[in-house]
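Below are the chains, spelled out letter by letter.
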Amino acid sequence: MNYNWNWAVLFQDPYLGWLISGLGWTVSVSLCAWVVAFVIGALIGVGRTVNNRLISGLCTAYVELFRNVPLLVQLFVWYFAIPEMVPDGVGHWMKREMPMPEFTTTVIALGLYTASRVAEQVRAGIDSIPKGLKAAAKANGLSGTQVYRYILLPISFRIIVPPLTSEFLTVFKNSSLALTIGLLELTAQSQQIADYTYNSFEAFTAATVIYIFIALVVTGLMQIVETRTAIPGQSGKGA
Amino acid sequence: MLIGKKLAAIAFAAGLGLGVGLPAFAQDLTGTLKKISDSGEIVIGHRESSVPFSYLDSDQKPIGYSIDICARIVDEISTELGKEISVRYVPINPKTRIPLLANGTINMECGSTTNTLTRQQQVEYLPTTFITGTKILTKTDSGINSIDDLGGKIIGLAPGTTNDRVIREEAEKRGIDVDFLVVNDHAEGMLALETGRADAYSTDHILLFGLIETSKSPDDFAVVGDFLSYDPYALMVPRDDSAFELIGKRALANLFRTGEINDIYAKWFDPMGIEQTPLLQAAFQLATLPE
Amino acid sequence: MSGFDFSVIVSALPFLWEGLQLSFLLTILAIIGGLGFGVLLALARMSGFRLLSLVAATYVNLIRSVPLILVIFWFYFLVPLVLGRPVGGFYSALIAFVMFEAAYYSEIMRAGIKSVAKGQVQAGKSTGLGYWRIQRHIVLPQAFRNMIPVLVTQAIILFQDTSLVFVVSLRDFMTASSIVARTEGRLVEMYLFAAVVYFVICFAGSLTVRRLQSKVAT
């Protein structure tokens, strides 16, 4: 095979810097998108379980819409289509004055997409709580809001920590789609190093190792969260 | 002129002699020629929006100056192998073109690629078929007349191109505070400019004219500034495969010698009003080696 | 860019249809390949050979930690290099999807196989059946039945994921829509149209999953 190995290239200037900055973008996009996903996902997930037809219908529609369109298409709609659909002034703002357009667009697109998946987990968590508990709370004179506030949410959020961990990891992986709109995150940087040096093997290996490292760190952190939040007697761990 | 005529006569005679003898050489084929002979197919990498070199027509078929030149090389390969070969086109972009050629996915690249020494570590080039350089495309009302006016503006660049490096280096050298927008292809760069996402887009000047030509409102755009780089275009072929390279060189020498290149050139560049420069003519002449 | 013109979609329909066909073809072949390789991975992981199960587990966890785009880049670069001869972008992408999906399918299958009660395996053993016969006649048929809804869900995700071949310019439905959007300067129309098409197909798929789920449950 005609391949010139050169692992040292990864530690040369400017390529090492590219990898580090790529990692920075990947982490910051993912964390910001996760905050959006978690907040909106929790609201939508709770919304699907309430006794109001309109609210639960809207929340269901949200989940179906965002789950059934590929993330890449959603990203392109946010980046290319929406700025042309809104009034000129707003569109211009989205394309130029909005801080870091590629970054912000990715955070919104990835956040709203992931929210639909978080919502499903939240709903499943609430649904998994025995109906009797809700009835008991009501019988004790708690209002609808209080039932959620003191009974359903605290329990369900502790139940869904493991599935949320895997969603959190998925956000990091999905953040790589940002390269299609020109955000030079980790995958894009590794590809750019491959372009410039033709040492594709080394460049992709570096990115792969960093992603695995991210996965290990996230899994480790979430395991701590998991043991801390586990409901005694309900799960095998930490009880 | 007399020498020219004599040369042509010799070339003609040599061509005749070789043309008859060629298939006999086809027994011990190696490398790319063997692959093409075995599969009966040559895989050509083409661009999607490098007007007028290599781009898609309204039926999404690749056409252009480079594609036409490649067709002659394919004819030459057919002659060499003594059989018909079919052509399969594979779309490539600045990021994929060199890896795909180096790893054998495509046998030849017919796009708009600058011949550089760095790239020659991975691929081989046929003789120069066009000469251009980096310039800047902008809207006529943008007030940008050269790279020095880019302060505080946004310019689109495609990573992996020579232009990307040149603009970044020049901007740094001149101390211009300009923002960069990463785009993946010329069409995307033009799009960024049209939609106001960027104030300028930079690539080789000839491609910028191509982008203007195919845009909906050509009068709104202008190519500005001096040449910021020297970019000789050449078709790419696999490295370390001199037998295959030789056929390409021969096909090009024939094109240049017979003047057929002028017809192909006129077909693609006359509509844009771009004439052959003396430098390009000299490059053609230098590659017109005797048989 | 002013004024919407949806007629551009009509004239581009043949080109878009070709792209959609490629998306479907890629999805179907990747499901077949992914299931095949996925079964092997799941069996390897659950087998008694420690080295084999370690290798399978490492592979699955490795693939599941990296983005699909990176996997596509990897195979786009590796496949021709390893084979030593040109393969089209389609085959590189297909192999990438098979290798990627197999890791996910193997996890689904492992869960499915585990869902078959241990007692049944023991019952099989006590009637004198060998490992492969137990797998083939007792475990796998039941496991597959339990897994069907999840497998279909994964197929929908895979169909959505095929849009990522955009990064290597393979002409699937997404790339075709993008080409039309850019050459015709009709971004809004084309990307909204692409979103609608994907939505209709995937939503129909989700409804199927729901029907299957209620069927399996009964």
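These figures come from a predicted structure and were not determined experimentally. (Residues numbered from 1 in each chain as written. Chains lettered and ligands numbered in written order. Predicted model: local features only at pLDDT ≥ 70, side-chain atom pairs only at ≥ 80, totals over all residues. Heavy atoms only, no water.)

A short note on the overall build of chain A
Each helix and strand in chain A was counted, giving 10 helices and 0 strands. For chain A, the α and β elements follow one another from N to C terminus as α-α-α-α-α-α-α-α-α-α. Dimensions of chain A, computed from the C-alpha atoms along their principal axes, are close to 75 × 50 × 30 Å. Every one of the 239 residues in chain A was classed for burial, and the buried ones make up 52%. Summing over all exposed atoms, chain A offers an accessible surface of approximately 10,900 Å²; the carbon and sulfur share of this is 66%. (Helix = DSSP H or I, 4+ residues; strand = E, 2+ residues; numbered from the N terminus. Buried < 20%, exposed > 50% of the residue type's maximum accessible area, 1.4 Å probe, protein only. Areas by Shrake-Rupley, 256 points an atom, 1.4 Å probe, with all protein chains shown as cover.)

Thoughts on the sheet that holds strand β4 (residues 62-63) of chain B
Residue and element names in this part refer to chain B. Here we have 3 strands laid out as an open sheet, ordered β2-β3-β4, and antiparallel in their pairing. Whereas interior strands pair on both sides, the edge strands pair on one side only; in this sheet they are β2 (49-50) and β4. Looking at chain direction, β2 and strand β3 (residues 54-56) are connected through 2 bridges and run antiparallel. Residue pairing for β3: Ser49 is matched across the bridge by Tyr55. (Pairing = 2+ DSSP bridges.)

Some thoughts on the pairing of strand β11 (residues 179-182) of chain B
Residues and elements named next belong to chain B. Across 4 bridges, strand β10 (residues 154-157) lies against β11 in parallel orientation. Bridge assignment links Gly156 to a residue of β11, and that residue is Leu181. For the segment spanning β10, helix α5 (residues 162-173) and β11, crossover handedness is right-handed. (Right-handed = clockwise from strand over helix to strand, strands pointing away.)

Things to note about the state of the cysteines
Residues and elements named next belong to chain B. Tallied over the entire structure, the rule returns 1 disulfide over all chains. Between the sulfur atoms of Cys70 and its disulfide mate Cys110 the distance is 1.8 Å. When the S-S torsion is -95°, as for the bridge of Cys70 with Cys110, the disulfide is left-handed. Of the two residues, Cys70 is situated in helix α3 (residues 65-81) and Cys110 in strand β6 (residues 108-110); the sequence distance between them amounts to 40 residues. Look at Cys70 and you get buried, because its relative accessible area is 1%. (Disulfide = S-S within 2.5 Å.)

Focus: the packing of aromatic side chains
In total, this model carries 42 aromatic pairs over all chains according to the counting rule given. Seen from their ring centres, Tyr79 of chain A and Phe80 of chain A are 5.0 Å apart, and the 80° between their planes marks the pair as edge-to-face. You can call Phe80 of chain A buried: its relative accessible area is 6%. Members of the aromatic cluster, connected to one another through ring pairs, are Trp5, Trp7, Phe201 and Phe204 of chain A together with Phe73, Trp74 and Phe77 of chain C. Here the guanidinium or amino end of Lys135 of chain B rests over the ring plane of Phe227 of chain B, the centre of that ring lying 4.6 Å away. (Phe/Tyr/Trp six-rings, centres within 6.5 Å; stacked < 30°, edge-to-face > 60°. Lys NZ or Arg CZ within 6 Å of the ring centre and 35° of its normal.)

Quick word on the interface of chain B and chain C
With 18 residues of chain B at the interface, the matching set in chain C holds 18 residues. At the boundary of chain B with chain C, total buried surface from both sides reaches about 1,700 Å², with 58% on carbon and sulfur atoms. Summed over the three residues of chain B that lose the most area to chain C, namely Gln60, Asn103 and Leu191 of chain B, the buried surface amounts to 30% of that side. Run the count over chain B and chain C and you get 2 salt bridges. (Contact = heavy atoms within 4.5 Å. Buried area = accessible area lost by both parts, 1.4 Å probe. Salt bridge = Lys/Arg side-chain N within 4 Å of Asp/Glu carboxyl O.)

Description of the environment of Asn4 of chain A
For Asn4 of chain A, the location among the structural elements is in the segment before α1 (15-49). Judged by relative accessible area, Asn4 of chain A falls into the exposed class, the value being 54%. Residues Asn4 of chain A and Phe201 of chain A, spaced 197 residues apart in sequence, show a C-alpha to C-alpha distance of 9.9 Å. The residues contacting Asn4 of chain A, other than those within four sequence positions of it, are Asn199 and Glu202 of chain A together with Gln122 of chain B.

So, the pattern of salt bridges
One pass over the full model with this rule turns up 25 salt bridges over all chains. Put simply, Arg210 of chain C and Glu64 of chain A hold a salt bridge, and the shortest N to O gap is 2.7 Å. Taken as a pair, Arg210 of chain C in helix α8 (residues 187-217) and Glu64 of chain A in helix α2 (residues 53-67) lie in two separate chains rather than in one. Residue classification places Arg210 of chain C among the partly exposed residues on the basis of a relative accessible area of 40%. Exposure remark for Glu64 of chain A: the relative accessible area of 9% places this residue in the buried category.

Focus on the side chain of Thr162 of chain B
All names here are of chain B. For Thr162, the position within the fold is in helix α5. A polar atom in the side chain of Thr162 sits 2.9 Å from the side chain of Asp231. Look past the residues within four positions of Thr162 in its chain and what remains in contact with it is Thr114, Thr116, Arg119, Asp204 and Asp231. (Polar contact = N/O pair within 3.5 Å; in protein donor to acceptor, adjacent residues only side chain to side chain.)

Describing the interface of chain C and chain A
Across the contact, 36 residues belong to chain C and 34 residues belong to chain A. Together, the buried faces of chain C and chain A total about 3,200 Å²; carbon and sulfur atoms form 78% of this surface. Per-residue buried area on chain C facing chain A is highest for Phe73, Trp74 and Gln160 of chain C; these three make up 17% of the total on that side. Taken together, the connections running from chain C to chain A amount to 1 salt bridge. Connecting chain C to chain A are 6 residue pairs in polar contact (both at pLDDT 80 or more). Mapped onto the side of chain C that touches chain A, the elements with two or more residues apiece are α2 (50-65), α3 (68-83), α7 (173-183) and α8 of chain C. When residues of the side of chain C that touches chain A are assigned to their parent elements, the largest contribution, 12 residues, is made by α8 of chain C. A per-class count over the side of chain C that touches chain A returns 27 nonpolar, 6 polar and 3 charged. (Nonpolar A, V, L, I, M, F, W, Y, C, P; charged D, E, K, R; others polar.)

Section: unusual backbone geometry
Note that the residue after Asp13 of chain A, namely Pro14 of chain A, is joined by a cis bond; omega there is 5°. Within the secondary structure, Pro14 of chain A is located in the segment before α1. Here the bond from Val51 of chain B into Pro52 of chain B is cis, since omega is 0°, no more than 30 degrees from zero. In this structure, Pro52 of chain B sits in the loop between β2 and β3. Phi angles above zero are rare outside glycine, and Asp240 of chain B is one such case at about 55°. Structurally, the position occupied by Asp240 of chain B is in the loop between β15 (236-238) and α8 (242-258). On the basis of relative accessible area, Asp240 of chain B is assigned to the exposed category, the value being 61%. Unusually for a residue other than glycine, Ser169 of chain C sits at a positive phi of about 60°. Along the chain, Ser169 of chain C turns up in the loop between α6 (131-161) and α7.

Topic: a nonpolar patch on the surface
All names here are of chain C. Together, Phe24, Leu25, Ile28, Leu29 and Ile32 line one region of the surface with nonpolar side chains, adding up to about 420 Å² of accessible area. Note on placement: Ile28 falls in helix α1 (residues 7-46). Taking the relative accessible area as the measure of exposure, Ile28 reaches 47% and is therefore partly exposed. (Patch = residues over 30% accessible without salt bridge, like charges linked within 9 Å, V, L, I, M, F, W, Y side chains within 5 Å.)

Describing the confidence of the model for chain B
Residue and element names in this part refer to chain B. Summarising the model, chain B shows a mean pLDDT of 88, and 91% of its residues fall at 70 or more. The secondary-structure element of chain B with the lowest mean pLDDT is helix α1 (residues 2-21), recorded at 47, while β6 shows the highest, at 97. Low confidence marks residues 9-24, where pLDDT is under 50. Its contacts with residues over four positions away, or in another chain, come to 8 contacts. Quick note on the complex model: pTM equals 0.82, ipTM equals 0.90. (pLDDT = per-residue confidence, 0-100.)

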